[in-house]
Amino acid sequence: MTPPGRVRMADEEDEAGYDEEAEDGGGGLEAGGHGKRKRLFSKELRCMMYGFGDDQNPYTESVDILEDLVIEFVTEMTHKAMSIGRQGRVQVEDIVFLIRKDPRKFARVKDLLTMNEELKRARKAFDEANYGS
C-alpha cells in the first residue's frame with residue numbers, strides 16, 4: 001500500500017514485506033556503481049528520517065542516497081582533518097577548527113563536547129561513590 005502523499009511508481013515493488021535485516025547484510029550499490037558495499041547507517045538513517053517527518057518506512061533509495069551523502073561528508077571531513085594539525089591523525093580540535101565557520105554545526109559540536117565532559121564527571125563521581133576511593 002502506498003502511504004498518503006506518495007506517488008506509486010509503475011515498477012515499484014510493494015514494501016509491505018520489507019526486511020531491514022536482509023538489506024543491512026546485503027548492501028547496496030556504491031555511489032557511482034563501482035560495486036557493492038555494506039550499508040552502515042541504514043537503520044539509524046531510517047529512524048532519523050522518520051523523526052524528521054518522513055514515512056515510518058522510507059524508500060530504500062532515499063535512505064541509500066542519504067547514506068552516500070553522509071559517508072561522503074564524513075570521508076571529506078576526515079581527510080581534511082588529517083591534513084591539518086598533526087599529520088595523519090584526527091583530533092577533536094581539528095574537527096572543531098574545520099566547522100568553526102558553520103554556526104549550527106559549531107554550536108552542536110560544542111553542546112556534544114560539553115555533554116560528553118558532564119557524562120565523564122558523572123561516571124567518575126558514580127564510580128567513586130560505589131567503589132570508594
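Overview of the structure.

Rules used in this analysis
Residues numbered from 1 in each chain as written. Predicted model: local features only at pLDDT ≥ 70, side-chain atom pairs only at ≥ 80, totals over all residues. Heavy atoms only, no water. Helix = DSSP H or I, 4+ residues; strand = E, 2+ residues; numbered from the N terminus. Buried < 20%, exposed > 50% of the residue type's maximum accessible area, 1.4 Å probe, protein only. Contact = heavy atoms within 4.5 Å. Areas by Shrake-Rupley, 256 points an atom, 1.4 Å probe, with all protein chains shown as cover. Polar contact = N/O pair within 3.5 Å; in protein donor to acceptor, adjacent residues only side chain to side chain. Phe/Tyr/Trp six-rings, centres within 6.5 Å; stacked < 30°, edge-to-face > 60°. Lys NZ or Arg CZ within 6 Å of the ring centre and 35° of its normal. Axes fitted to C-alpha atoms, helices over the stretch in contact; angles between N-to-C directions. Parallel < 35°, antiparallel > 145°, perpendicular 65-115°, else oblique. Left-handed = near helix turned anticlockwise from the far one by under 90°. Nonpolar A, V, L, I, M, F, W, Y, C, P; charged D, E, K, R; others polar. Patch = residues over 30% accessible without salt bridge, like charges linked within 9 Å, V, L, I, M, F, W, Y side chains within 5 Å. Salt bridge = Lys/Arg side-chain N within 4 Å of Asp/Glu carboxyl O. 1 Å grid on protein atoms, 1.4 Å probe; cavity = no way out; pocket = protein on both sides within 12 Å on 5 of 7 lines; lining within 4 Å. Points joined across faces, edges and corners; volume = space filled by probe spheres on them. Expected span 1.5 Å × (residues − 1).

Examining the overall build of the protein chain
When helices and strands are tallied, the protein chain shows 5 helices and 2 strands. A buried classification covers 16% of the 133 residues belonging to the protein chain. Of the contacts formed within the protein chain by residues at least 6 apart in sequence, a portion of 34% connects residues at least 24 apart. Accessible surface, the protein chain as shown: approximately 10,400 Å² in total, 58% of it carbon and sulfur.

Details of the environment of D64
On the secondary structure map, D64 appears in helix α3 (residues 60-83). Residue D64 is classed as buried on the basis of its relative accessible area of 15%.

Here's the deal with the side chain of E67
Here E67 is to be found in helix α3. At 2.6 Å, the side chain of E67 and the backbone nitrogen of L40 are in polar contact.

Digging into the packing of aromatic side chains
Applying the stated criterion across every chain yields a total of 0 aromatic pairs. Over the face of the ring belonging to F97 we find R100, whose NZ or CZ atom lies 3.9 Å from the ring centre.

Details of the packing of helix α4 (residues 92-99) against helix α5 (residues 103-131)
At their nearest, the axes of α4 and α5 sit 9 Å apart, and the two run at 155° to each other. Between α4 and α5, the interaxial angle falls into the category roughly antiparallel. Relative to α5, the crossing made by α4 is left-handed. The segment α4 lies against α5, with V92, V96 and I99 engaging K105, F106, V109 and L113. Taken together, the residues of the contact of α4 with α5 sort by class into 6 nonpolar, no polar and 1 charged.

Focus on a nonpolar patch on the surface
A contiguous nonpolar patch, built from I65, L66 and L69 and spanning about 270 Å² of accessible area, is present on the exposed surface. Positionally, L69 belongs in helix α3.

Quick notes on the pattern of salt bridges
Counted under the stated rule, the structure contains 5 salt bridges. Salt-bridge contacts for K120 lead to E117; the nearest nitrogen and oxygen are separated by 3.8 Å. In this pair, K120 and E117 both sit in helix α5, 3 residues apart, roughly one turn of the helix. Salt bridges here are not isolated pairs; linked through shared partners, they connect R39, D64, E67 and D68.

Remarks on the layout of surface pockets
A probe matching the size of a water molecule, rolled over the atoms, marks out where space remains unfilled. In this structure, the largest pocket occupies an estimated 780 Å³ of space. Every residue lining the largest pocket is counted, 17 residues in all, and those nearest its centre are M48, V70, F73, V74 and K105. Mapped onto the lining of the largest pocket, the elements with two or more residues apiece are α2 (42-51), α3, α4 and α5. Taken together, the residues that form the lining of the largest pocket break down as 14 nonpolar, 1 polar and 2 charged.

A closer look at α3
The terminal C-alpha atoms of α3 lie 35 Å apart, and with 24 residues this matches the ideal 34 Å at 1.5 Å per residue to within 8%. Of all the residues in α3, the buried ones are V63, D64, E67, D68, M77 and A81. Phi turns positive, to about 60°, at G85, one or two residues after α3.

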